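# Coordinate inspection notes
Residue-level listing of the chains:
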Amino acid sequence: MIHDVLIVGGGPAGSTCARFLVRGGARVAIVDRAEFPRVKLCGGWVSAPIWDALALAPREYTAGLWEWNSCHVSYRGEERTIRCHGWFIRRFELDDFLLRRSGAELHLGVAVHDIERDGDGLWSVAGLRARHLVGAGGTNCPVARLVTPPRPSGPVGVQEHEFAADRAAIARTRAGRDGEPELLLHDDLRGYSWNVPKTDWLNVGSGTVEPHEVRAAWQKARAHFSAAGHVPAESAAELEAMKGHTYYLYDPSHLEGAVRPGATSEKGAVLLCGDSLGLAQPLTAEGILPAVLSGRLAAEAILAGAPESYPARLAAHPVLEDYRRVFRLREAAAALAGRSGDHKGKSDGNGNGNGKPGARFAGRAVASGFAWMFSGARFPAPRLVDAGLAIAERWVNNRRA
């Protein structure tokens, strides 16, 4: 049997791609080395656009779902509760839910060792043959190694852990209501840490721009959350059981590696989705939403008979347009701070780095702005934002000249 599309990776990117392909009449197979459900390192945060991207209402999601309307942010010693909105899930449940509803032929517990294209122009993977190949297997996806997308910057580093705990103890110690995230912004804004209560589960972790800084960042975050009394004392041992991984934040140049066209539009194309391509939000590092969006857009490009249109579809999507604005804002801010466009300045991993103590108003603006982005809100007046960014970029370029 020849499939229309073979997808390597059964996470949100792969399963969403498969679902929309199957709905469009395609024959699809998914290969993943893991059996599902499986443990997946992730905070489990999803923002509002996820539901439209999935064509799914929150009430239709039958696993654990924690909706929140406030975010508790600590920055430079100031604690603030900020009104914003989002949801948390457990990846153990979400990924299995999306995979089982995809409608694809599933080949789980199957490792991908070789990827070949035969004389007929068809892709051959793990004994399966298909006209098109989609890589959705995360940062270390074997399909991404085949395509080698641009990587102008290194990956960010994360240490995190999700563990079961006594429900009453979590309710007694959490910063706010069930599901409301507690965020610790690192003083130099080169990373943040989190503590998320999910009824009888806790998800904690730290993320930093430089992977080698993340261990020190977590040690300071653990001390902060423990000193605040926001982690049950009986769960102290779990805070030592952290696991790490890396992934890439969105960079406009990554889209150049989104597709490798085939000899014809009917067969031979290779497309990358989600973390395989590197699409996480450039400041907050949200990854599930861009994974789902890219999976759907890849499916739509294939169904339209135009896999080569996939990068343009990504670039034109409103969420990815905002990611590009955030990327430009981050780069301009780094240049204006005297880092010559390099946002990886020196730090001890959790603040106390390059910045001087800000004014109270500045701290409030930083905390509110981060919470706003954390909720997945769109930029207001995007044309004005683009005009302002263009002026800032010209000023920076003139200054360099």
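Conventions adopted
- Residues numbered from 1 in each chain as written.
- Predicted model: local features only at pLDDT ≥ 70, side-chain atom pairs only at ≥ 80, totals over all residues.
- Heavy atoms only, no water.
- Helix = DSSP H or I, 4+ residues; strand = E, 2+ residues; numbered from the N terminus.
- Buried < 20%, exposed > 50% of the residue type's maximum accessible area, 1.4 Å probe, protein only.
- Contact = heavy atoms within 4.5 Å.
- 1 Å grid on protein atoms, 1.4 Å probe; cavity = no way out; pocket = protein on both sides within 12 Å on 5 of 7 lines; lining within 4 Å.
- Points joined across faces, edges and corners; volume = space filled by probe spheres on them.
- Nonpolar A, V, L, I, M, F, W, Y, C, P; charged D, E, K, R; others polar.
- Axes fitted to C-alpha atoms, helices over the stretch in contact; angles between N-to-C directions.
- Left-handed = near helix turned anticlockwise from the far one by under 90°.

### Side note on the side chain of Ser276
- With respect to the secondary-structure elements, Ser276 resides in the loop between strand S16 (270-272) and helix H7 (288-303).
- Judged by relative accessible area, which is 0%, Ser276 ranks as buried.
- The contact partners of Ser276, leaving out residues within four places of it in the chain, are Gly135, Ala136, Gly137, Gly138, Thr139, Cys141, Ala144, Pro149 and Arg151.

### A look at the layout of surface pockets
- Its boundaries defined by the atoms lining it, the second largest pocket holds a volume of some 230 Å³.
- Along the wall of the second largest pocket there are 13 residues; nearest its centre are Val39, Lys40, Leu41, His161 and Glu162.
- Listing elements by their share of the lining of the second largest pocket, those giving two or more residues are helix H3 (91-100), strand S10 (156-164) and strand S13 (201-208).
- If you tally residues by element for the lining of the second largest pocket, the top one is S10, at three residues.
- For the lining of the second largest pocket, the residue count by class is five nonpolar, two polar and six charged.

### Concerning the packing of helix H1 (residues 12-23) against H7
- Remark: H1 packs on H7, axes separated minimally by 7 Å, with the N-to-C direction vectors making an angle of 35 degrees. Here H1 runs over H7; the crossing is right-handed. Residues Pro12, Ala13, Thr16, Cys17, Phe20 and Leu21 of H1 lie in contact with H7, whose contacting residues are Ile288, Ala291, Val292, Gly295, Arg296, Ala298, Ala299, Ile302 and Leu303.
- Looking at the contact of H1 with H7, its residues break down into 12 nonpolar, two polar and one charged.

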